[in-house]
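Secondary and tertiary structure notes
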Amino acid sequence: MPAAPAFTDGNDMTTSSSPTSGNHALTPISAHERVFGWHEHASLWFSLGVGLLVMQVGAYLVPATGLREAVFAIVLGSMLGAALLAWVAKLGCDSGLSSAGLMHRSYGSLFARLPVFLNIIQLLGWTTFELVIMRESTAAIAREAFGLDLGRSAAVVLPTLLWGGVLIALLSGSMVGLVRRFVARFGLPLVVLSLIWLTWQFAGQLRASGLAELWNRPGDGSMGMFSALDLVIAMPVSWLPLVADYARHGRSSRGALGGVWLGYAVANIWCYGLGVMIVSAVEPETGLVSALLLAQGGLIALGLIMIDELDNAYGDIYSGSVSAHSLKPKWSIKRWGIALAVLSICLAMVLPMHSLEPFLLTLSSVFVPLYGVILGRLSLGGNIDAPQRRVDAASAALWLLGIAFYHGLAQWAPGFGSALPTLALTFVLALATRRTGSLRSASA
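What counts, and at which threshold
Residues numbered from 1 in each chain as written. Predicted model: local features only at pLDDT ≥ 70, side-chain atom pairs only at ≥ 80, totals over all residues. Heavy atoms only, no water. Helix = DSSP H or I, 4+ residues; strand = E, 2+ residues; numbered from the N terminus. Buried < 20%, exposed > 50% of the residue type's maximum accessible area, 1.4 Å probe, protein only. Contact = heavy atoms within 4.5 Å. Areas by Shrake-Rupley, 256 points an atom, 1.4 Å probe, with all protein chains shown as cover. Core = buried A, V, L, I, M, F, W, Y, C linked by side-chain atoms within 4.5 Å. pLDDT = per-residue confidence, 0-100. Patch = residues over 30% accessible without salt bridge, like charges linked within 9 Å, V, L, I, M, F, W, Y side chains within 5 Å. Salt bridge = Lys/Arg side-chain N within 4 Å of Asp/Glu carboxyl O. 1 Å grid on protein atoms, 1.4 Å probe; cavity = no way out; pocket = protein on both sides within 12 Å on 5 of 7 lines; lining within 4 Å. Points joined across faces, edges and corners; volume = space filled by probe spheres on them. Nonpolar A, V, L, I, M, F, W, Y, C, P; charged D, E, K, R; others polar. Phe/Tyr/Trp six-rings, centres within 6.5 Å; stacked < 30°, edge-to-face > 60°.

**As for the overall build of the protein**
On a plain count of helices and strands, the protein comes out with 17 helices and zero strands. In the protein, which comprises 444 residues, the proportion classed as buried is 55%. Within the protein, contacts between residues separated by at least 24 positions form 89% of all contacts whose residues are at least 6 apart in sequence. In the structure as shown, the protein presents an accessible area of about 18,200 Å², 67% of it carried by carbon and sulfur atoms.

Here it is, written out as structure tokens:
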């Protein structure tokens, strides 16, 4: 019986005949590294779609919109956003390229450094968010469940170092092994059980307080339907620069497409919906963590969700390290991951990280047109093996045009939303102006 191949996922770059063999991020991965099936894709992206941050953003929808409008925006926005993620996942699986590799093929090897750098910055921000959320949740559990007041400084430093240390330990291992051996087999069932329990608890509170009345209650008018859609789509859009880093390890593009779409759509709908349920069921001044702890069995469920929150931070940092490795390949992906994790720990201790909605929408304004151009250039028969330029001026101009269009719509026509029109515009223009060819994987 032949020995199983070793899975390096970029941490050990010893042999390759590619001209970019020293740069794992820009080299299509080989066949023996393609180990993710449909189940691994779905498990990973369900797990990444679950989080306290998603619930917190979902809570912004009510009472800005009515409950009925919020549910419609959540379902439609999640399906569309997850479809966009799945499309990019298919492209990454077809090509075997990382997100940084897709940017290089679309924008040129020199200009692509700008969006790759912006991606690293946003992933540092997301990891810092996750560490802050885990830190504050830990302090809230210690205070409200055990009556332990850590004090202001200790409540910041100790939980941050605790979760940051676990994150560094995870980054020292294999991404492929973590997904296959823990997330898919053990993490997913535990998270699903916790979500089922919390949904049952808060659904009961909503029924007791009059669900029919809540369902028909209008919002306060501070957010229209398209603005609500933009806020829902902003969450899956924030994962666009990561998805190819994992989908490139897929055995088939159909498995990557279906697994990512189903896994992320279900998780996003569930967590946004749970956030809406929580904010509708509790007193207006009750925080999200406090509301979860007040639910029967909430401590156990919150603990499981916090553990799952850790894989969100891991996902951000791992992808950020792949992007950073594409800029400085002399540092391995593992070394970059540990360095970025340490930086995120430091940032979590000093930066105020609670202005979520503007941050999410700003990210959308950058990455929606960025990936509209990438999809228009490389999918539907695009030539991913065309000779690379240092700067693809047309692609760069379309991206900048898309950013301006996004902000222009938000300023002058906020009722129509910005994400979907910008995506459509940049995709169509990129498709119409690209060089012809066919999509072929360089690792085939």
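**Structural notes on the nonpolar core**
Trp45, Leu52, Leu61, Leu195, Phe202 and Ile374 are the most contacted members of the largest nonpolar core, which totals 132 residues. Each residue touching leucine 61, except ones within four places of it in the same chain, is listed here: Ala70, Ile74, Met223, Ala228, Leu231, Val232, Tyr272 and Val276.

**Digging into the confidence of the model for the protein**
Taken as a whole, the protein shows an average pLDDT of 85; of its residues, 90% reach a score of 70 or greater. Across residues 1-19, where pLDDT falls below 50, the model places 30 contacts with residues more than four positions away in sequence or in other chains. Predicted confidence is poor over residues 437-444, with pLDDT under 50, and the contacts of this stretch with residues over four places away or in other chains come to 27 contacts.

**Some points on a nonpolar patch on the surface**
Taken together, the side chains of Val71, Val75, Met79, Trp215 and Trp261 define a hydrophobic patch exposed on the protein surface, amounting to about 400 Å² of accessible area. Considering each element in turn, the nonpolar patch owes the most residues, three residues, to helix α3 (residues 67-95). With respect to the element layout, valine 75 can be found in helix α3. Residue valine 75 is classed as partly exposed on the basis of its relative accessible area of 38%.

**Describing empty space enclosed by the protein**
Applying the stated criterion across every chain yields a total of three cavities of 30 Å³ or more. Looking at the largest cavity, its volume works out to about 80 Å³. Along the walls of the largest cavity sit Leu48, Gly49, Leu53, Val54, Trp126, Glu130, Met235, Ser238, Trp239, Tyr264, Asn312 and Asp316, which together make up its complete lining. Looking at the lining of the largest cavity, the elements with two or more residues in it are α1 (38-49), α2 (52-59), α5 (113-144), α9 (225-238) and α13 (298-327). Classifying every residue of the lining of the largest cavity gives seven nonpolar, three polar and two charged.

**Concerning the packing of aromatic side chains**
In this structure the tally under the stated criterion is twelve aromatic pairs. Where phenylalanine 46 meets tryptophan 270, the ring centres are 6.3 Å apart and the plane angle is 70°; that geometry is what we call edge-to-face. Pair noted here: phenylalanine 46 is in helix α1 and tryptophan 270 is in helix α11 (residues 253-281), with a separation of 224 residues, a long-range link. A relative accessible area of 22% means that tryptophan 270 is categorised as partly exposed. Ring centres 6.0 Å apart and planes at 85° place the aromatic pair phenylalanine 111 and tryptophan 399 in the edge-to-face group. Taken as a pair, phenylalanine 111 in the loop between α4 (99-107) and α5 and tryptophan 399 in helix α16 (residues 393-412) lie far apart in primary sequence, 288 residues in all. Residues phenylalanine 111 and tryptophan 399 agree in their burial class; the two are buried.

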